[in-house]
Amino acid sequence: MLAELQQISKYYEQPGSSSRNQVLQDISLQIADKDRIAIIGPSGCGKSTLLNILGTLDSQSSGKVILDGVPVDHMNEKHLAGIRNSFMGFVFQMHHLLPQLTLLDNVLLPLLPRKDRKILFSAHKRALKLIERVGLTGQLKKYPFQLSVGECQRTAVVRALINQPRLLLADEPTGSLDAVSANQLATLLTELNLEQNVALVVVTHSMELAGKMDKIYHLREGKLALIPK
Ligand SMILES: Nc1ncnc2c1ncn2[C@@H]1O[C@H](COP(=O)(O)OP(=O)(O)OP(=O)(O)O)[C@@H](O)[C@H]1O
Ligand SMILES: [Mg+2]
């Protein structure tokens, strides 16, 4: 299995109260190679929390996260950072591009920890190909403020794919886009899923985007339920 959540629970202590706020309750999920999974649910139900736990950006109160067969609970931050960098890519609602870097340099940023010149050379070539693939070759030297929100978001997708991750986690990737750009990005994600052999887990309010995934899960009251197609 590519990634697995086993009985994940997450709660927050409430300051000044003995009760606690239980956000996720005993959630299990299996993600296989090239899966396309959508997670939907009302605001505040814990979608981002769940995605961040899967991405090892947040920690669970109990349960296990297993990536590529390896439980991550006892890994130190350095080891985890390495896994995040090579195994997973992240796309968020706001692109999080660095304003002081060009489109190309933003895309190449995740390669910073790499030292091997051969790897860097082939990654650079792959960056140019992916940028062409998403239709941004003409904008290589532009800075984020000179790009549209949709173009920034496509750049963020390329950046997330630069290390050839096997799992792409996206939190409301179309949330700040207009309908046309949102639809384009949704199509792009599904095409890249096939072309790049990358599994997708997408948190979204958009049924249009969710509908492009193979499985849709509904998160409500801390529980995850598969919606029958
Ligand atoms: N650091 C924190 N301390 C206490 N409670 C928190 C913390 N972070 C999140 N929560 C609570 O956890 C719940 C789930 O938050 P989360 O951001 O995962 O929701 P979401 O489903 O992603 O919502 P949205 O669709 O609005 O993005 C919310 O009730 C939130 O208030
Ligand atoms: Mg959220």
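Presented here is an overview of the structure given in this document. Since we're looking at a predicted model, the values are computed, not measured.

**Overview of the overall build of the chain**
Link 1 in the chain: Counting its regular elements, the chain contains seven helices and 10 strands.
Link 2 in the chain: A globule of 229 residues ought to have a C-alpha radius of gyration of about 17 Å, and the chain, at 18 Å, matches this closely.
Link 3 in the chain: Overall, the C-alpha framework of the chain stretches about 55 × 40 × 35 Å when taken along its three principal axes.
Link 4 in the chain: Residue burial in the chain is summarised as follows: out of 229 residues, 48% are buried.
Link 5 in the chain: Contacts in the chain between residues at least 24 apart in sequence constitute 71% of all its contacts with a sequence separation of at least 6.
Link 6 in the chain: Counting only carbon and sulfur atoms, one obtains 53% of the accessible surface of the chain, whose full area is about 11,600 Å².
Link 7 in the chain: Taken as two groups, the 26 positive and 21 negative side-chain charges of the chain have centres that lie 6 Å from each other.

**What about the pairing of strand β10 (residues 223-227)?**
Along any regular strand the residues' side chains alternate between the sheet's two faces.
Link 1 in the chain: Alignment of strand β9 (residues 215-220) against β10, held across five bridges, turns out to be antiparallel. What sits directly across from Tyr217, in β10, is Leu226.
Link 2 in the chain: From the end of β9 to the start of β10, which pair antiparallel, there are two residues, and Glu221 there has a positive phi angle of about 50°.

**Some remarks on the nonpolar core**
Link 1 in the chain: Counting 39 residues, the largest nonpolar core has Val107, Ile131, Val157, Leu161 and Leu168 as its most contacted members.
Link 2 in the chain: If you list the elements that add at least two residues to this core, you get β3 (36-40), α3 (103-108), α4 (117-133), α5 (149-161), β7 (167-171), α6 (179-195), β8 (199-203) and α7 (207-210).
Link 3 in the chain: Other than its neighbours up to four places away in sequence, Ile131 contacts Leu103, Leu104, Val107, Leu136, Thr137, Leu140 and Val158.

**What about the site of ligand 1?**
Link 1 in the chain: Around ligand 1 lies a shell formed by Tyr12, Val23, Pro42, Ser43, Gly44, Cys45, Gly46, Lys47, Ser48, Thr49, Glu172 and His205.
Link 2 in the chain: Sorting elements by how many residues they give to the shell around ligand 1 places helix α1 (residues 47-54) first, with three residues.
Link 3 in the chain: In the shell around ligand 1, the residues fall into four nonpolar, six polar and two charged.

**Side note on the side chain of Thr174**
Link 1 in the chain: Along the polypeptide, Thr174 turns up in the loop between β7 and α6.
Link 2 in the chain: Residues within four places of Thr174 in sequence aside, it is in contact with Ala182, Leu185, Thr204, Ser206 and Leu209.

**A short note on the sheet that holds β7**
Link 1 in the chain: Spatial ordering of the open sheet is given by β6-β7-β8-β3-β9-β10, a layout of six strands whose pairing is mixed. The open sheet terminates on both sides in strands that have one partner only, identified here as β6 (88-91) and β10. For this sheet, the mean inter-axis angle between neighbouring strands, taken without regard to orientation, is 20°.
Link 2 in the chain: Together, β6 and β7 form the strand contacts of helix α2 (residues 77-87), whose direction differs from that of β6 by roughly 75°.

**Side note on the side chain of Asp35**
Link 1 in the chain: For Asp35, the position within the fold is in the loop between β2 (20-31) and β3.
Link 2 in the chain: Buried and unpaired, Asp35 has Lys215 as its nearest opposite-charge partner, separated by 4.3 Å.
Link 3 in the chain: If we ignore the near neighbours within four places in the chain, the residues touching Asp35 are Gln30, Asn193, Ala199, Leu200, Asp214 and Lys215.

**Comments concerning the packing of aromatic side chains**
Any pair of aromatic rings gets described here by the distance separating the centres and the angle formed by the planes.
Link 1 in the chain: All chains considered together, the criterion is met by one aromatic pair.
Link 2 in the chain: When the ring of Phe90 is compared with that of Phe92, the centres are 6.1 Å apart and the planes differ by 0°; the resulting orientation is stacked.
Link 3 in the chain: When the ring centre of Tyr11 is taken as origin, the NZ or CZ atom of Arg20, which lies over that ring, is 3.6 Å away.

**Details of α1**
Link 1 in the chain: Across the eight residues that make up α1, a large majority, six, are buried.
Link 2 in the chain: By the burial criterion, the buried members of α1 are Lys47, Thr49, Leu50, Leu51, Ile53 and Leu54.
Link 3 in the chain: At the C-terminal side of α1, Thr56 shows a positive phi close to 60°.

**Digging into the pattern of salt bridges**
Link 1 in the chain: Scanning all chains against the criterion turns up six salt bridges.
Link 2 in the chain: Lys10 serves as the salt-bridge partner of Asp58, at 3.3 Å between the closest nitrogen and oxygen. A residue pair is termed long-range when its members are at least 10 positions apart, and Asp58 in the loop between α1 and β4 (62-67) and Lys10 in strand β1 (residues 3-13) qualify at 48 residues.
Link 3 in the chain: On the basis of relative accessible area, Lys10 is assigned to the buried category, the value being 7%.
Link 4 in the chain: With a shortest N-O distance of 2.8 Å, Arg133 and Glu195 are connected by a salt bridge. Of this pair, Arg133 sits in helix α4 while Glu195 is found in helix α6, placing the two residues 62 residues apart along the sequence.
Link 5 in the chain: Three or more residues joined by partner-sharing salt bridges are found here, namely Asp33, Asp68 and Arg166.

Conventions and cut-offs
Residues numbered from 1 in each chain as written. Chains lettered and ligands numbered in written order. Predicted model: local features only at pLDDT ≥ 70, side-chain atom pairs only at ≥ 80, totals over all residues. Heavy atoms only, no water. Helix = DSSP H or I, 4+ residues; strand = E, 2+ residues; numbered from the N terminus. Rg over C-alpha atoms; globule rule 2.2 N^0.38 Å. Buried < 20%, exposed > 50% of the residue type's maximum accessible area, 1.4 Å probe, protein only. Contact = heavy atoms within 4.5 Å. Areas by Shrake-Rupley, 256 points an atom, 1.4 Å probe, with all protein chains shown as cover. Lys, Arg positive; Asp, Glu negative; His and termini not counted. Charge placed at Lys NZ, Arg CZ, Asp CG, Glu CD. Pairing = 2+ DSSP bridges. Core = buried A, V, L, I, M, F, W, Y, C linked by side-chain atoms within 4.5 Å. Near = heavy atom within 4 Å. Nonpolar A, V, L, I, M, F, W, Y, C, P; charged D, E, K, R; others polar. Axes fitted to C-alpha atoms, helices over the stretch in contact; angles between N-to-C directions. Salt bridge = Lys/Arg side-chain N within 4 Å of Asp/Glu carboxyl O. Phe/Tyr/Trp six-rings, centres within 6.5 Å; stacked < 30°, edge-to-face > 60°. Lys NZ or Arg CZ within 6 Å of the ring centre and 35° of its normal.

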